[in-house]
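Architecture at a glance
Listed below, chain by chain, are the residues.
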Amino acid sequence: MAQLPPSTAPTIPAYKTAFLQACLSANVLTFGTYTLKSGRQSPYFFNAGAFHTAPLLSAISTAYAHTIIAFLAENPDIPQPDVIFGPAYKGIPLATTTLLALHTLAPDSWSRTSYTFNRKEAKNHGETGSLVGSPLANKNILVIDDVITAGTAMRETIELVKKEGGRVVGFVVAVDRGERISEGESQSAMGLIRREFGVRTARIVGLDDLIGVVRAEGGGLEGEAERMERYRERWRASD
Ligand SMILES: O=P(O)(O)OC[C@H]1O[C@H](OP(=O)(O)OP(=O)(O)O)[C@H](O)[C@@H]1O
Ligand SMILES: O=C(O)c1cc(=O)[nH]c(=O)[nH]1
């Protein structure tokens, strides 16, 4: 097969490679039959809760931070976020550690940014309410989440931020599964966020990247890669 000359060969950034390797070595990416939030049956599952040691949290938060910095550089009209918002539950450690990683990479740009997350059940004593961290009113909110499938969680988050008086200025996800929003629709959940809500999006990796790393691993995972490919064909979005 023809090789690209070295100067034009695409290079995978080190943070993305570290993230993908962590997905396999820490069993973040697992195989079986999983029922998703959308009710779909998936042969693979991205479990962000498995990033539970300091080196693993560092790998994912550094990958988010680089992705966010590149996203804002490519979209200079997006205002500097005041808040990194992570939806409960798995978004909670992701938002807090990503804010630290952003501050480590670019302290001058991120020293005044806050984190916020929601509670799934409102609290009726103490400080009360559904939000933890900065209030959202009149703030520019960058939402991060672990994974997007049918887009239900992100739709709920956009509605929550609006209700609190904030503006969602971007959405960055670790894994974009690249799926159609529903059986009868051909567009992707990420596309819906862009078109229906006018929110620009970025991702650390997509399903193609995950299949690529599973294929490259070999060692008996070929069957898993094939099941992932069949699932991709079943749910692949048109955009
Ligand atoms: O795009 P969707 O079809 O909405 O699916 C993706 C959402 O599903 C999971 O949330 P879940 O409520 O299961 O969250 P938790 O494990 O973080 O509590 C995941 O963290 C995403 O937020
Ligand atoms: O769609 C989901 O519910 C979902 C998919 C996935 O890969 N990981 C996850 O935590 N949730």
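Given the structure is predicted, the values throughout are model-derived calculations rather than measurements.

1. Looking at the nonpolar core
Counting residues in hydrophobic clusters, the biggest one holds 50 residues, and the most contacted among them are F19, F46, F51 and L210. Ranked by the residues each element gives to this core, the list is headed by helix 2 (residues 54-74), at nine residues. Setting aside residues up to four positions removed in sequence, F19 forms contacts with F46, F51, I60, A63, A174, V175, I204 and V205. If you look at the next biggest cluster of nonpolar residues, it comprises 21 residues, including I158, F171, I193 and V199.

2. With respect to the packing of helix 7 (residues 207-217) against helix 8 (residues 222-235)
Where helix 7 meets helix 8, the axes come as close as 9 Å, and the angle between the chain directions of the two elements is 160°. Comparing their axes, helix 8 and helix 7 come out roughly antiparallel. Read as a crossing pair, helix 7 and helix 8 show a hand that is left-handed. Side by side, helix 7 and helix 8 meet where L207, D208, L210, I211, V214 and R215 of the first sit next to E222, E224, A225, E226, M228, E229 and R232 of the second. Across the contact of helix 7 with helix 8, the residue classes tally to six nonpolar, no polar and seven charged.

3. A look at the side chain of D176
With respect to the element layout, D176 can be found in strand 7 (residues 167-176). Setting aside its immediate chain neighbours within four residues, D176 contacts I148, M190, R203, V205, G206 and L207.

4. What about unusual backbone geometry?
Here the amide bond leading from A88 into Y89 is cis, since omega sits at -10°, within 30 degrees of zero. Structurally, Y89 is set in the loop between strand 3 (83-86) and helix 3 (91-105). Positive phi, close to 55°, is recorded for N27, a residue that is not glycine. Residue T128 is not a glycine yet carries a positive backbone phi of 55°. Under the relative-accessibility criterion, T128 is labelled partly exposed at 40%.

5. Quick notes on the pairing of strand 8 (residues 201-206)
Across the six residues of strand 8, five count as buried, placing the element largely inside the fold. Following the chain from strand 7 across helix 6 (residues 189-197) to the adjacent parallel strand 8, one finds a crossover that is right-handed.

6. Thoughts on the site of ligand 1
Close contacts around ligand 1 come from 14 residues, with D145, D146, T149, G151 and A153 the closest. Here G151 contributes a backbone N or O atom positioned 2.8 Å from an oxygen atom of ligand 1. Protein contacts shield 83% of the accessible area of ligand 1, which totals 510 Å² for the unbound molecule. The set of elements that each furnish at least two residues to the shell around ligand 1 consists of strand 6 (140-148) and helix 5 (152-163). When residues in the shell around ligand 1 are grouped by element, the largest group, four residues, is from strand 6. For the shell around ligand 1, a count of residues per class yields six nonpolar, three polar and five charged.

Procedures and definitions
- Residues numbered from 1 in each chain as written.
- Chains lettered and ligands numbered in written order.
- Predicted model: local features only at pLDDT ≥ 70, side-chain atom pairs only at ≥ 80, totals over all residues.
- Heavy atoms only, no water.
- Core = buried A, V, L, I, M, F, W, Y, C linked by side-chain atoms within 4.5 Å.
- Buried < 20%, exposed > 50% of the residue type's maximum accessible area, 1.4 Å probe, protein only.
- Helix = DSSP H or I, 4+ residues; strand = E, 2+ residues; numbered from the N terminus.
- Contact = heavy atoms within 4.5 Å.
- Axes fitted to C-alpha atoms, helices over the stretch in contact; angles between N-to-C directions.
- Parallel < 35°, antiparallel > 145°, perpendicular 65-115°, else oblique.
- Left-handed = near helix turned anticlockwise from the far one by under 90°.
- Nonpolar A, V, L, I, M, F, W, Y, C, P; charged D, E, K, R; others polar.
- Right-handed = clockwise from strand over helix to strand, strands pointing away.
- Near = heavy atom within 4 Å.
- Polar contact = N/O pair within 3.5 Å; in protein donor to acceptor, adjacent residues only side chain to side chain.
- Areas by Shrake-Rupley, 256 points an atom, 1.4 Å probe, with all protein chains shown as cover.

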